[in-house]
Amino acid sequence: MTAQDLAQDNRLGEKKWRRRSLWALLVLIPLTLAVEAYDSVKALLVDNDLFERRVAWGESAHFGGSDWKLTDLRGAFGMKNLPPGTVPVLADFAVTVGNPDLQNLWLGCKVMLIDAEGRRWLPTSAVRLNAPDNVQTCISAIFSGAKTGDVLNLRETFLVPKDVTNTIRPAVGVGSERPYFLLFQMEKD
Amino acid sequence: MRRLANLVLLLVAVALCYGLQMSKPHYADLIGPIPVRGKVGDVVVGRSFEVRVEKVQFARKLRADRYGETKVLTTGGVWALVTVEFAARDASTVVSTASWRGPTRLTYDHTERLSFINNGFLPVTVDPGLQKKARLVFEVRPEEVGNATVLISSKLLAALDSQAEISIGPVAASSDGMPAGTVDTLDLTQPVDGLPK
Amino acid sequence: MLADFTKPLGLTFRLWWRFWPQLVAMVLLGIVGGDLFMQIAARTAFVNHMAGLALLTLVALTQLIVTVAMFQMLLPALPAIRAAQEAARGQTSGETGAETSSGASRLARMVSVALLPFFAYYAAWGFLGDTVRQYSRVTLDMAPFGEGAGNVLDVLDSRWLIFSVVISWLVRRLAQAMQKRGGAKSFWQIVVVICETNWIFVGLYVISRWKDDIVGWIMSRNIFPTLQAAAHGVANPVSTAFADPMVPVEVTSIDTSTKLIALFFFMLLPVIWLVMTALIYGYDVRDDKGLLRVHERVERLGARYRTIPKFMRDFVEHFISGYRSRYLPIANGVRITLSSGVVLMLTLIVGYRLIDWLAAWAWLGMTRIIGPHDLDTWQVLSEGVSLLFGSAFQDSSTGILVEPLRICFLAAILETAFALPKRRAVEIAQPAGPAGAAQDA
């Protein structure tokens, strides 16, 4: 084999490897991205309420080990001392406790209102309304020591602009179920 | 001659490298906040909240209520009081940090001397569609007042989140070195949004 | 003169254009492999901190193998370097004449010859610190509050370290014996390399830490407070130069000498990398007579200690040779510098740093293009950006757009240096090549 043949041979081998590498990139790039981003994607999913599970009006849904039911959603119109154009909204839930390990299952419990555009409101501390003694919030319920079969009455208070009161829907997310969250439908839906 | 040329080249290369070393962004820059710039009166739209600076006032003293008793806060510099209006964009959020960056890039954090007041000051909870007024209070040196920038972000170390950077513009200085229009005492006992508590 | 400047740049892009698919694939393999070993090491660290640290060796080794392989890929397009290799091989034909360029034997040669000196370098220049930092980051991520794992680096200060070195030494002896007996030679060769890597890895890293402690202790005595800053710079110049990502306000007014030292090492690193490139291409630095004389004097000193047990001697020699391979090539780098022209060297330094700088700005540019998101989302997006431009930590992790360009640039500079007429003449007169380094492996 002359030197020229050898050079030609190498050249052909290189071409072959170049082609192989190009094909390998098609696999390697997604693979690398998947391997590198795995932990971050996992964190993204377990930390955020991303995918909704719709619950029809009047029905209850099993979520975070318990059965959740929306009992009421109403505006408290006519209150004074509030910024113009705003209205407090009360969301009431009846939750039948299944698995009593609420401190783990309900960790990071978040109740919110979501409007038609997907905007989200969290409970407010600006409005204080009197409530019966047996009404708790999601967070206080975690430490209530509720047992299996107990029914918890949860109430969260929100402050929203008047123009969204028709489209808002209550939603619930808990740590053990993320990225899924419950989106409760209203009677008219 | 050749040696001289080499020496000149070496010096040029050293200067170039010094420039590269100094201007290369480091980790803190790469993951730092992303600025959204504006000026007084503009609605500056960030990722999680929007903010508009209504007015900037300067004072030698502040008067505030502390558990029913009136307290007067003095300062060795000057109080800068920025009245802002916030609104959340997609979701309820909390705006918790602000700082005042002077013309020489000296940066003053939001004062903590007013932390006993829990309404109308940072941290402010803001909701979508609901405007909310608040006061940002900084204790700064008088010469750091003109051409300053107010930086507002939702949290400290807002990595790769937006940070509103609102330029205050020039402020004339009066004869005693204080910014023009500095009042003796500003009253913080009245709520910023005009609503009774 | 202008050609010295334009030729390597043109060659860089020609190399990159011709080999980019292979190079990018290699970088990706390195990232996946390194990540895999890092995960294994971190998980092992939960069981046993010592074993975790030992496995960490493989991470550094992966990175080195990838770098070496990338340089080897470019070889067909580097006629001047190949000519020098041929010339060297001609002179030492007795040892390496039988060598054919089949894949397996080339890899074995690569591992046994180029890797070890290269690795000693890597350790001595503080790149190991980067790997160790990544490691403690990963273990921290796995147990955010330190539960279970505790500080995985505590073993670096414990006497179990000696135990680990003893095990490595025993395994190495075994592998060497097996190698002599024949059969699966390259496998045992790799075992030897891994054991030695483990020594150097653990040993050099620990020495650098102890050195800091000793310096710290002396400084705390307040003997020469005025000399403190200067001595710190001298004792610790490399780490001071590299470990400056966070710049607090006080540092903006650091004194000129610190600045100058930092700038010096900033400009020296490209030269170090050129020497590493030369090492990989088998241009052996130990054949330099003048420099060897100094080294021989050191060795004669060592000869007096021949009476001490072989185990200790092996251990000590390892670190001596580690330092030898650190400082001899630097001196040699200076020699290459002088003989290949100021313009070429300055092109190297500025060009290398420019690639670095552009990568950092590209990272920043990407953050502005992508825009603000919440932290969880950005955590995911940053993995993509890091894949392109390297980690935001700016340690030795690499991006697929940056690393191939860097490798091509270094190879192009070396090729240009070898192609210079005066260099040619020296080269033919000088025995060089992989055979010389083999004795160290």
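The structure under discussion appears in the preceding block.
## A short note on the overall build of chain C
Within chain C, the secondary structure is distributed over 18 helices and zero strands. For chain C, buried positions account for 49% of its 441 residues. Contacts spanning at least 24 positions in sequence make up 82% of the contacts within chain C whose residues lie at least 6 apart. Element-wise, carbon and sulfur atoms account for 68% of the exposed surface of chain C, whose accessible area totals about 20,800 Å².

## Comments concerning the overall build of chain A
The helix and strand inventory of chain A stands at three helices and 10 strands. Reading the secondary structure of chain A in the N-to-C direction produces α-β-β-β-β-α-β-β-β-α-β-β-β. Looking at chain A as a whole, 40% of its 189 residues are labelled buried. Carbon and sulfur atoms make up 54% of the accessible area of chain A, which totals about 10,700 Å².

## Quick notes on helix H15 (residues 375-389) of chain C
Residue and element names in this part refer to chain C. For H15, built from 15 residues, the straight-helix expectation of 21 Å at 1.5 Å per residue is met to within 8% by its first-to-last C-alpha distance of 20 Å. Taken as a whole, H15 has its buried residues at Asp376, Trp378, Ser382, Glu383, Val385, Ser386, Leu387 and Phe389. Immediately beyond the C-terminal end of H15, within one or two residues, lies Gly390, with a positive phi of roughly 90°.

## Notes on the sheet that holds strand S4 (residues 86-96) of chain A
All names here are of chain A. Spatial ordering of the open sheet is given by S2-S3-S4-S8-S7, a layout of five strands whose pairing is mixed. Only two strands of the sheet have a single partner each, and these edge strands are strand S2 (60-63) and strand S7 (135-136). Relative to S4, strand S3 (residues 66-75) runs antiparallel, the two being bridged by eight bridges. For Leu70, the partnering residue across the bridge sits in S4 and is Phe93.

## Observations concerning the sheet that holds strand S5 (residues 110-114) of chain A
Residue and element names in this part refer to chain A. Spatial ordering of the open sheet is given by S1-S10-S9-S5-S6, a layout of five strands whose pairing is mixed. Two strands in the sheet have a free side with no partner beyond their single neighbour: strand S1 (51-55) and strand S6 (120-121). Relative to strand S10 (residues 180-184), S1 is paired through five bridges, and the arrangement is parallel. Paired with Arg53 across the bridge in S10 is Leu182.

## Things to note about unusual backbone geometry
The step from Arg178 of chain A to Pro179 of chain A runs through a cis peptide bond, and the omega angle for that step is 15°. Here Pro179 of chain A lies in the loop between strand S9 (169-173) and S10. Cis geometry marks the peptide bond from Leu122 of chain B to Pro123 of chain B, where omega comes out at -5°. Here the phi dihedral of Asn147 of chain B falls at roughly 55°; this positive angle occurs in a residue that is not glycine. With respect to the helices, strands and loops of the structure, Asn147 of chain B is situated in the loop between strand S9 (132-140) and strand S10 (148-153).

## Describing the interface of chain B and chain A
Interface size is often expressed as the accessible area that is lost when the parts come together. Facing the 10 residues of chain B at the interface are 12 residues of chain A. Taking both partners together, chain B and chain A bury about 870 Å²; carbon and sulfur atoms supply 60% of that area. At the surface where chain B touches chain A, the tally comes to four residue pairs in polar contact (both at pLDDT 80 or more).

## A short note on a positive patch on the surface
A contiguous patch of positive charge on the surface is contributed by Arg11, Lys15, Lys16, Arg19 and Arg20 of chain A. With respect to the helices and strands, the residue Lys15 of chain A is situated in helix H1 (residues 3-47).

## Examining the interface of chain B and chain C
The interface is formed by 28 residues belonging to chain B together with 33 residues belonging to chain C. Among the residues chain B hides against chain C, the three largest losses belong to Leu20, Tyr27 and Leu30 of chain B. Together they make up 21% of the total. Of the charged contacts in the structure, one is a salt bridge between Asp356 of chain C and Lys24 of chain B, with a shortest N-O distance of 3.0 Å. Our count for the chain B to chain C interface comes out at five residue pairs in polar contact (both at pLDDT 80 or more). Sorting the residues of the side of chain B that touches chain C by element identifies helix H1 (2-23), helix H2 (27-30) and strand S1 (34-39) of chain B as the ones contributing at least two each. Tallying contributions element by element places H1 of chain B first for the side of chain B that touches chain C, with 12 residues. Looking at the side of chain B that touches chain C, its residues break down into 18 nonpolar, five polar and five charged.

## As for the packing of aromatic side chains
Tallied over the entire structure, the rule returns nine aromatic pairs over all chains. With a centroid separation of 6.0 Å and an interplanar angle of 75°, the aromatic rings of Trp68 of chain A and Phe93 of chain A are classed as edge-to-face. On the criterion of sequence distance, the pair formed by Trp68 of chain A in strand S3 and Phe93 of chain A in strand S4 is long-range, its members being 25 residues apart. When its relative accessible area of 0% is taken as the criterion, Trp68 of chain A is described as buried. Here Phe93 of chain A falls in the buried class, since its relative accessible area comes to 2%. When the centroid spacing of 6.0 Å and the interplanar angle of 55° are considered together, the rings of Trp357 of chain C and Trp361 of chain C count as tilted. One end of the pair is Trp357 of chain C and the other is Trp361 of chain C, both in helix H14 (residues 342-370) and four residues apart, which spans about a single turn. The exposure class assigned to Trp357 of chain C is partly exposed, which follows from its relative accessible area of 21%. What links up through ring pairs into an aromatic cluster is the set Trp68, Phe93, Trp106 and Phe184 of chain A. Over the ring of Tyr180 of chain A we find Arg53 of chain A, and its NZ or CZ is 4.8 Å from the ring centre.

## Structural notes on the pattern of salt bridges
All names here are of chain A. Scanning the model with the defined rule gives 24 salt bridges over all chains in all. When the shortest N-O distance is used, the salt bridge between Arg119 and Asp115 registers 3.3 Å. Overall, Asp115 belongs to the buried group, its relative accessible area being 6%. One network of salt bridges, with partners in common, ties together Asp72, Arg74, Asp92 and Arg155.

## Here we look at the packing of helix H2 (residues 49-74) of chain C against helix H16 (residues 403-419) of chain C
When two helices pack together, you describe them by how their axes are tilted relative to each other and by the distance separating the axes. Residue and element names in this part refer to chain C. Closest axis-to-axis distance for the H2/H16 pair is 10 Å, and the angle between their directions is 55°. In terms of axis orientation, H2 runs oblique to H16. Helix-helix and strand crossings are classified by hand; for H2 and H16 the assignment is right-handed. Where H2 approaches H16, its residues Thr67, Met70, Phe71 and Leu74 are matched on the opposing element by Glu403, Pro404, Ile407, Cys408, Leu410 and Ala411. Tallied by class, residues from the contact of H2 with H16 come to eight nonpolar, one polar and one charged.

## Side note on the state of the cysteines
Residues and elements named next belong to chain A. This structure, assessed with the given rule, holds one disulfide over all chains. Covalently, Cys109 is tied to Cys138 through a disulfide, its sulfur atoms 1.6 Å apart. Sign of the S-S torsion, about 90° for the bond between Cys109 and Cys138, identifies this disulfide as right-handed. Of the two residues, Cys109 is situated in the loop between helix H2 (102-105) and S5 and Cys138 in helix H3 (residues 138-142); the sequence distance between them amounts to 29 residues. Per residue, the accessibility class of Cys109 equals that of Cys138, and both read buried.

## Description of the nonpolar core
In this structure, Leu15, Leu74, Leu78, Tyr281 and Leu348 of chain C are the most contacted members of the largest nonpolar core, which totals 72 residues. Here this core takes 13 residues from helix H11 (residues 256-280) of chain C, the largest share from any one element. Contact partners of Leu348 of chain C, with chain neighbours within four places excluded, come to Pro270, Val271, Leu274, Phe409, Leu410 and Ile413 of chain C. The next biggest cluster of nonpolar side chains, apart from the first, holds 34 residues, and it includes Trp68, Ile168, Leu182 and Phe184 of chain A.

## A closer look at the pairing of strand S3 (residues 49-66) of chain B
The side chains of a regular strand alternate, first on one face of the sheet and then on the other. Residues and elements named next belong to chain B. The pairing of strand S2 (residues 43-45) with S3 spans three bridges and is antiparallel. Residue pairing in the sheet places Val44 in a bridge with Val51 of S3. Adjacent in sequence and paired antiparallel, S2 and S3 are bridged by three residues. Strand direction decides the pairing type here: S3 and strand S4 (residues 69-88), joined by 16 bridges, are antiparallel.

## Description of a nonpolar patch on the surface
Where nonpolar side chains cluster on the molecular surface, the patch consists of Met1, Leu4, Leu7, Val8, Leu10, Leu11, Val12 and Leu16 of chain B and spans about 810 Å² of accessible area. Mapping Leu4 of chain B onto the fold places it in helix H1.

The rules behind the values
- Residues numbered from 1 in each chain as written.
- Chains lettered and ligands numbered in written order.
- Predicted model: local features only at pLDDT ≥ 70, side-chain atom pairs only at ≥ 80, totals over all residues.
- Heavy atoms only, no water.
- Helix = DSSP H or I, 4+ residues; strand = E, 2+ residues; numbered from the N terminus.
- Buried < 20%, exposed > 50% of the residue type's maximum accessible area, 1.4 Å probe, protein only.
- Contact = heavy atoms within 4.5 Å.
- Areas by Shrake-Rupley, 256 points an atom, 1.4 Å probe, with all protein chains shown as cover.
- Expected span 1.5 Å × (residues − 1).
- Pairing = 2+ DSSP bridges.
- Buried area = accessible area lost by both parts, 1.4 Å probe.
- Polar contact = N/O pair within 3.5 Å; in protein donor to acceptor, adjacent residues only side chain to side chain.
- Patch = residues over 30% accessible without salt bridge, like charges linked within 9 Å, V, L, I, M, F, W, Y side chains within 5 Å.
- Salt bridge = Lys/Arg side-chain N within 4 Å of Asp/Glu carboxyl O.
- Lys, Arg positive; Asp, Glu negative; His and termini not counted.
- Charge placed at Lys NZ, Arg CZ, Asp CG, Glu CD.
- Nonpolar A, V, L, I, M, F, W, Y, C, P; charged D, E, K, R; others polar.
- Phe/Tyr/Trp six-rings, centres within 6.5 Å; stacked < 30°, edge-to-face > 60°.
- Lys NZ or Arg CZ within 6 Å of the ring centre and 35° of its normal.
- Axes fitted to C-alpha atoms, helices over the stretch in contact; angles between N-to-C directions.
- Parallel < 35°, antiparallel > 145°, perpendicular 65-115°, else oblique.
- Left-handed = near helix turned anticlockwise from the far one by under 90°.
- Disulfide = S-S within 2.5 Å.
- Core = buried A, V, L, I, M, F, W, Y, C linked by side-chain atoms within 4.5 Å.

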